[in-house]
Amino acid sequence: SAGLVCREGMEGYYLNRIGVCSGAGGSLLYACARQGIEALITSEVKHNAAQDALEMGIVMIDAGHYGTEILMVPAITKKLEREFPQLEILPYVQQQPLQWR
């Protein structure tokens, strides 16, 4: 499920530099900090990385693997169709595989 990790009292705070990483990007936290990234949107954040982000004042948004990766299917499909017009490209379309109740 998607989650947002940030400090209390940050409501209305504007971000200037945001990093985006589909896949597990929690490991990029320190590289992002060195580049002045104020928020990282990714698809998997381990507990320790989330705690470190809180201490460093970096907002971590865990949008889930499905939500961050399904966005690329249409773009990759179009690119493959352009590059390989002789092939029939069938994009894989799946509903959110994990349901939280």
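Rules used in this analysis
- Residues numbered from 1 in each chain as written.
- Predicted model: local features only at pLDDT ≥ 70, side-chain atom pairs only at ≥ 80, totals over all residues.
- Heavy atoms only, no water.
- Helix = DSSP H or I, 4+ residues; strand = E, 2+ residues; numbered from the N terminus.
- Buried < 20%, exposed > 50% of the residue type's maximum accessible area, 1.4 Å probe, protein only.
- Contact = heavy atoms within 4.5 Å.
- Areas by Shrake-Rupley, 256 points an atom, 1.4 Å probe, with all protein chains shown as cover.
- Pairing = 2+ DSSP bridges.
- Right-handed = clockwise from strand over helix to strand, strands pointing away.
- pLDDT = per-residue confidence, 0-100.
- Core = buried A, V, L, I, M, F, W, Y, C linked by side-chain atoms within 4.5 Å.

Let us look at the overall build of the protein. Counting its secondary structure elements, the protein contains four helices and four strands. In sequence order, the protein lays out its α and β elements as β-β-α-β-α-β-α-α. Relative to its full complement of 101 residues, the protein shows a buried share of 25%. In the protein, the share of contacts with a sequence separation of at least 24, taken over all contacts with a separation of at least 6, comes to 39%. Looking at the protein as shown, the accessible area adds up to about 7600 Å², and 56% of this sits on carbon and sulfur atoms.

So, on to the pairing of strand 3 (residues 39–42). Bridge count for strand 2 (residues 18–20) against strand 3 is three bridges, and the pairing is parallel. Within the sheet, the bridge partner assigned to Ile18 lies in strand 3 and is Ala39. A crossover connection joins strand 2 to the parallel strand 3 through helix 1 (residues 29–34); in handedness this β-α-β unit is right-handed. As defined by bridge partners, strand 3 adjoins strand 4 (residues 59–62) across four bridges and the pair is classed as parallel.

It is worth spelling out the confidence of the model for the protein at this point. Low-pLDDT portions of the prediction should not be read for the details of their coordinates. When pLDDT is averaged along the protein, the result is 82, and 81% of the positions lie at 70 or above. Within the protein, the element-level pLDDT minimum falls on strand 1 (residues 3–5), averaging 49, and the maximum on helix 1, averaging 93.

To continue, consider the nonpolar core. By size, the foremost hydrophobic cluster in this structure holds ten residues: Leu29, Cys32, Ile37, Leu40, Val45, Ala49, Ala50, Ala53, Ile58 and Met60. Those elements giving two or more residues to this core turn out to be helix 1 and helix 2 (47–56). In terms of residue count, helix 2 provides more of this core than any other element does, three residues in total. Discounting residues that sit within four places of it in the chain, Ala53 has contacts with Leu29, Ile58 and Met60.

Here Ala33 shows up in helix 1. In this view, Ala33 contacts Met56 and Ile58; residues no more than four positions away in its chain are not counted.

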